[in-house]
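# Coordinate inspection notes
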Amino acid sequence: MSFSRTKTSSFSRTVSSEGSARIPGVKHVANGVNLVSSGIADLDKILGGGLSLGTVVMIMEDPEAPHHLLLLRNFMSQGIVHNQPLLFASPVKDPRAFLGTLPSPVSPKDHKRESIPNRDPDQENGLRIAWQYKKYFGEQQIVEHQRDGSAEYCNDFDLRKPFGRQIVAMQTIDCISIQDSSSLALLQDRCSRFLAQYSRNDSGGIGSPARIAIQSLCAPQCGFASRDWDILSFIRSLRSMIRSSNAVAVISFPPSVLLPCMSKRLQHLSDTLLSVKAIPDEDKDLAELLTDYQDMVGLLRVHKVGRINTQVPFVLDTTTFSIKLQKRRSLVLERLNQAPVDGSSGSSYASSGSCSVSKTSSLDF
C-alpha cells in the first residue's frame, strides 16, 4: 500500500495586482501588500504609498490642540469618495453629527480656476452667482466617480466646505458612541460584526476595503478609561481581526491622561504610530530656527511605519514634519527647514545645494 504525500510550503503565492487594480482606492505594492490612501497625499508618500490593509494606525493626541481630528477627517472623507464602508466611534453623545464636519474633495475645476491669473471681474461675478449650482454639480460628480470607479487614489480636501448630506446619507457608515460606556464589549462586538463582512478570501484575493476610525480612545468621558487591561485586550483583539480582513483602523488616544507604562504598551501594539503637536503662537526661539514658522499650524512626527509580509524595515529620511494649510483649506506636510543664520530666505529641503565663489568670501555654500 502506497500513500501519496502532498508537498507543502510555508510561502504563500503572491496575489497579482490585476484584482486590486479594478478596486477604486486600492494600490498594490510589493510582497502582496494592498494600500489605501490616508486622505493626505504627503502622508501617503511619507508612509511608502499609503496605509496597509490589515494594520492598525495610532495617533497620539496633543492636549493643547485637536490636530488629530484633521487626520481623522481626511481619512474618513477619502473612504467616502471611494464608497468604502466606515465604522466610526467617538466619545461624544451624537457621533453622527461629526460626519457633518468631514471636508469635501476639491474639484479639478477649482484648481484650474485658482491657477488663472488676472481673472476677469465679470467672470468672477458669474462664478459667484453659479456657486450653488457648482456645488450641486460637484456632489453629482462624486456620485458618478463612485459608480464608474474613476475617483483618484488620493484627493485634495477643502477643510472649509463639508460634504453634502446627500453624499453622507448614501454611504455605509456605522456610528457608535462610547461616551459613559462602562466596558468595551459593545465596541468590540460592533467591530467584530463589521469586519466579518469584509474578510479576505481563502485564495488571497481582496474585495471592497473598509475603514475604522476611533476618536479619542481612553478619553476621560469614557467609562472604561481607567480599565487599562480591558483597553489592551481590545486593541489586541482588534489587531487580530484586522489582520484577516480588508480593512484598516485609525485610532487616536490622549497619552497625557494615561500612565506612562500604559501609553508605551499602546504604542507597541500599533503597526503605524504617529503623533501631533501644537505650535505655540509666541515661540521666538522656534520662529528664529525654522523657516515659514508663521504658516505652520502644528507638527507631525512619524514614530513607526507598519510593514507587513516583510522583514525589511522602512527607514525614513526624516521623522518630523510641519502641518500647514495650503490656501487655508488643504492639509499639507512639509519637511522642517532650518532658517539661515544671516536672516535671508532659505531654500527648500529638497532643492539641491550649490557652491559659488563671491568676491568678499572664499566659498559660499
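A brief look at the structure comes next. (Residues numbered from 1 in each chain as written. Predicted model: local features only at pLDDT ≥ 70, side-chain atom pairs only at ≥ 80, totals over all residues. Heavy atoms only, no water.)

## Quick notes on empty space enclosed by the protein
- A complete count under the given rule lists three cavities of 30 Å³ or more for this structure.
- Contributions of two or more residues to the lining of the largest cavity are made by strand E4 (56-60) and helix H3 (68-81).
- Class assignment for the residues of the lining of the largest cavity results in eight nonpolar, one polar and no charged. (1 Å grid on protein atoms, 1.4 Å probe; cavity = no way out; pocket = protein on both sides within 12 Å on 5 of 7 lines; lining within 4 Å. Points joined across faces, edges and corners; volume = space filled by probe spheres on them. Helix = DSSP H or I, 4+ residues; strand = E, 2+ residues; numbered from the N terminus. Nonpolar A, V, L, I, M, F, W, Y, C, P; charged D, E, K, R; others polar.)

## A short note on the packing of aromatic side chains
- The tally for this structure, following the rule as stated, stands at two aromatic pairs.
- Over the ring of Tyr153 we find Lys27; its NZ or CZ atom is 4.3 Å from the centre of that ring. (Phe/Tyr/Trp six-rings, centres within 6.5 Å; stacked < 30°, edge-to-face > 60°. Lys NZ or Arg CZ within 6 Å of the ring centre and 35° of its normal.)

## Concerning helix H8 (residues 185-196)
- Spanning 12 residues, H8 covers 16 Å between terminal C-alpha atoms, matching the ideal 16 Å at 1.5 Å per step.
- For H8, the set of buried residues is Leu187, Arg190, Cys191, Phe194 and Leu195. Projected onto a plane normal to the axis of H8, the buried residues spread over an arc of 125° and lie on a single side. (Expected span 1.5 Å × (residues − 1). Buried < 20%, exposed > 50% of the residue type's maximum accessible area, 1.4 Å probe, protein only. Arc of directions from axis to C-beta.)

## Overview of the nonpolar core
- Ranked by internal contacts, the top residues of the largest apolar core, which has 43 residues, are Leu51, Met76, Leu300, Val302 and Leu333.
- By residue number, the principal contributor to this core is H3, which donates eight residues.
- Aside from chain neighbours lying at most four places away, what touches Val302 is Ile46, Leu47, Leu273, Leu274, Leu316, Thr319 and Phe321.
- Judged by nonpolar contacts, the second largest core, of 37 residues, contains Ala210, Ala219, Phe234 and Leu273. (Core = buried A, V, L, I, M, F, W, Y, C linked by side-chain atoms within 4.5 Å. Contact = heavy atoms within 4.5 Å.)

## Here's the deal with the pattern of salt bridges
- Applying the stated criterion across every chain, the model contains nine salt bridges.
- In this structure, Asp271 and Arg239 form a salt bridge, with 3.2 Å as the shortest nitrogen-oxygen distance. In this pair, Asp271 sits in the loop between helix H10 (260-269) and strand E11 (272-278) while Arg239 sits in helix H9 (residues 228-243), placing the two residues 32 residues apart along the sequence.
- Overall, the relative accessible area of 9% leaves Asp271 in the buried class.
- Among the residues examined, Arg239 registers a relative accessible area of 22% and is labelled partly exposed.
- Residue Lys324 pairs with Glu334 through a salt bridge whose shortest N-O separation is 2.9 Å. Highlighted residues: Lys324 in strand E13 (residues 320-326) and Glu334 in strand E14 (residues 330-335), separated in sequence by 10 residues.
- Residue Lys324 is classed as buried on the basis of its relative accessible area, which comes to 8%.
- Assessed through its relative accessible area of 35%, Glu334 is described here as partly exposed. (Salt bridge = Lys/Arg side-chain N within 4 Å of Asp/Glu carboxyl O.)

## Observations regarding the pairing of E14
- Of the pairings in the sheet, the one linking E13 to E14 comprises six bridges and is antiparallel in character. Bridging across to E14, Gln326 finds its partner in Ser330.
- Connecting E13 to the antiparallel partner E14 that follows it, the hairpin turn spans three residues, and Lys327 within it adopts a positive phi of roughly 55°. (Pairing = 2+ DSSP bridges.)

## So, the sheet that holds E14
- The strand order across the open sheet built from nine strands is E8-E5-E9-E10-E4-E11-E12-E13-E14, with neighbouring strands paired in mixed fashion. The sheet terminates laterally at strand E8 (173-177) and E14, the two strands that pair on one side only. The sheet shows a mean angle of 20° between the axes of neighbouring strands, direction not considered. (Axes fitted to C-alpha atoms, helices over the stretch in contact; angles between N-to-C directions.)

## Quick word on the sheet that holds strand E3 (residues 51-52)
- Taken in spatial order, the three strands line up as E1-E2-E3 in an open sheet, and their pairing is antiparallel. Both outer strands of the open sheet, strand E1 (27-28) and E3, are each paired with one neighbouring strand and no more.
- Bridge count for E1 against strand E2 (residues 34-36) is two bridges, and the pairing is antiparallel. Within E2, the position partnered with His28 by the bridge is Asn34.

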